[in-house]
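Analysis of the macromolecular model
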Amino acid sequence: MSTTPTIPGIHHITAITADAQLNINFYHGILGLRLVKLTVNFDDPSSYHLYYGDELGRPGTALTFFAWPGAYRGRVGPPQVTATAFIVPVNSLEFWRQRLASHQIFTSAPAERFGERFISFSDPDGMPLEIIASAKSPAPTWPGSPVPSEHAIRAFHSATISEEGYEKTASLLTDVMGFRQVASEQNRFRYRANSPDDFASTIDLLCIPDARHGTLGAGIVHHIAFRAADDAQQLAWRESITRAGLNVSPVMERVYFHSIYFREPGGVLFEIATDLPGFTADEPVAQLGKKLQLPPWLESHRAEIERSVPSINLP
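Now for a quick tour of the structure. A quick note: this is a predicted structure, and the numbers were derived from the prediction, not measured. (Residues numbered from 1 in each chain as written. Predicted model: local features only at pLDDT ≥ 70, side-chain atom pairs only at ≥ 80, totals over all residues. Heavy atoms only, no water.)

Some points on the overall build of the protein chain
Quick reminder of the rule: Per the convention used, a helix needs a DSSP run of H or I reaching at least four residues, while a strand needs a run of E reaching at least two, with both numbered from the N terminus. Taken over C-alpha atoms, the radius of gyration is set against a globule rule of 2.2 Å times the number of residues to the power 0.38. The buried label applies to any residue whose accessible area, calculated with a 1.4 Å probe on protein chains only, is under 20% of its type's maximum; exposed applies above 50%, and partly exposed to all values in between. Contacts between residues were defined by any pair of non-hydrogen atoms, one from each residue, lying within 4.5 Å. Using a 1.4 Å probe, accessible areas were evaluated by the Shrake-Rupley method; residue-level cover was limited to the displayed protein chains.
Counting its regular elements, the protein chain contains five helices and 16 strands. Here the C-alpha atoms of the protein chain give a radius of gyration of 19 Å, agreeing with the 20 Å that 2.2 N^0.38 yields for 315 residues. Reported as C-alpha extents along the three principal axes, the dimensions of the protein chain are approximately 50 × 45 × 40 Å. Every one of the 315 residues in the protein chain was classed for burial, and the buried ones make up 56%. Considering only contacts in the protein chain between residues 6 or more positions apart, those separated by 24 or more positions represent 68%. Accessible surface computed for the protein chain: about 13,200 Å², of which carbon and sulfur atoms make up 52%.

If you want it as structure tokens, here you go:
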């Protein structure tokens, strides 16, 4: 494959939860996502790392959480990813309003943005979420979802990044990462990746210079990851980002993908992650998310780790 780097869109989004069980009950039980991997934070093995997505947790569907028991709730504000949006079929918003209401989850009235209707709500930690109805939603890929397939969440639609000033971040997206500006409304500027897909390829920059700064904690997105097809493309991205004057981490082994990290000019933590090997690297499709998986270098500490993490009921 050519090493000319391209980014098809969002790989995954990682946030923080204070309660792993409530998180599982919400994202699997209510939103209908599959728990595709139960593991630990490789940099802090005393805490869970939960991964949700479609049947395989494909790039563009994977929402992950560091579970930090009892973590204080963070404050949403710049510079952060301040809304994570899922895509559903055009006729599904009323289904979702009713489903969420039946679980005592408040949703906003349907509104329209860039010609698409959406609702807003929050998860149990206060993390802002959106469901956006689109004619371009892909087909469902997980028959085991508790949500009817005709209304099921398909993937990410987009992510909103709030900044004090958006120009330098916009320049990174367009001049370095290959996004193009496709629309704007007041202080919201939309960028789309060079992608054949109509999902998980959109970033909205929201310019809110007078907003109170956000703080890290439960309900806050820790970082957003973008896709690289393979290791060669990832290394090419590392060179491009370094040439742009940003500090980039070495390649990190995450078992299910390889990662590099850097702070964009506004301060949000960006990651570029490889599409492969994926979540079936250490267990078959049918067994995904059914037991605690550890990377090879932590397997000898399994007993200690299992004692340190909370007991949870898996789907």
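Section: the packing of aromatic side chains
Using the following cut-off: Any Phe, Tyr or Trp ring, taking Trp's six-membered ring, that has another such ring centre within 6.5 Å forms a pair; planes under 30 degrees apart are called stacked, those over 60 apart edge-to-face, and the others tilted. Any Lys NZ or Arg CZ found within 6 Å of a ring centre and within 35 degrees of that ring's normal is scored as a charge over the ring.
Counting across every chain of the model gives 15 aromatic pairs. Aromatic ring contacts, followed pair by pair, group Phe26, Tyr27, Tyr52 and Phe65 into a single cluster. Sitting over the face of the ring of Phe118, Arg113 holds its NZ or CZ atom 4.1 Å from the ring centroid.

Remarks on helix α2 (residues 93-102)
Defined as follows: By arc we mean the arc of the directions from the helix axis to the C-beta atoms, nothing more.
Listing the buried residues of α2 in full gives Leu93, Phe95, Trp96, Arg99 and Leu100. The buried residues of α2 occupy one face: seen down the axis, they fall within an arc of 155°. Of the surrounding elements, those touching the buried residues of α2 are α1 (20-30), β5 (80-88), β7 (116-122) and β8 (128-133). Just past α2, the residue Gln104 takes up positive phi, approximately 60°.

A closer look at the pairing of β5
Our working definition: Two strands form a pair only when DSSP identifies at least two bridges running between them.
Within β5, nine of the nine residues are buried, leaving the element largely enclosed by the surrounding structure. Both β5 and strand β9 (residues 155-163) contribute to a ladder of seven bridges, which runs antiparallel. Following the sheet pairing, Val81 is matched in β9 by Ile161. Taken together, the five bridges between β5 and β8 define a ladder with parallel strand orientation. If you follow Phe86 over to β8, its bridge partner there is Ile131.

Some points on the sheet that holds β9
Condition: Every axis in this analysis is a line fitted to C-alpha atoms, fitted for helices over the stretch in contact. Angles between the N-to-C directions lie between 0 and 180 degrees.
Read from one edge to the other, the open sheet built from eight strands follows the order β6-β7-β8-β5-β9-β12-β11-β10, with strand pairing classed as mixed. Of all the strands in the sheet, the pair left with one neighbour each is β6 (111-113) and β10 (180-185). Ignoring which end each strand starts from, the neighbouring axes of this sheet average 30° apart. Taken strand by strand, α2 contacts β5, β7 and β8, and its axis lies near 15° from that of β7.

Topic: the nonpolar core
The cut-off we apply is this: Note on terminology: a nonpolar core comprises buried Ala, Val, Leu, Ile, Met, Phe, Trp, Tyr and Cys residues joined through side-chain atoms within 4.5 Å.
Counting 75 residues, the largest nonpolar core has Tyr27, Leu31, Trp96, Ile203 and Phe270 as its most contacted members. It is α1 that provides the largest number of residues to this core, a total of five residues. Leaving out residues up to four positions away in the same chain, Phe270 has contacts with Ile161, Leu172, Leu173, Met177, Ile224, Phe226, Ile260, Tyr261, Phe262 and Glu264. In terms of nonpolar packing, the next biggest core, distinct from the first, is built from ten residues, Tyr51, Val255, Ala273 and Phe279 among them.

Regarding the side chain of Thr169
Counting through the fold element by element, Thr169 comes out in helix α3 (residues 167-176). Setting aside chain neighbours within four positions, we find Thr169 in contact with Glu163, Leu205, Glu264, Pro265 and Gly266.

Some words on the sheet that holds strand β15 (residues 258-263)
As summarised here, the arrangement of the eight strands in space is β2-β3-β4-β1-β13-β16-β15-β14, forming an open sheet in which the pairing is mixed. Among the strands making up the open sheet, the edge pair consists of β2 (34-41) and β14 (252-253). The pairing of β15 with strand β16 (residues 269-274) spans five bridges and is classified as antiparallel. Within β16, the position partnered with Ile260 by the bridge is Ile272.

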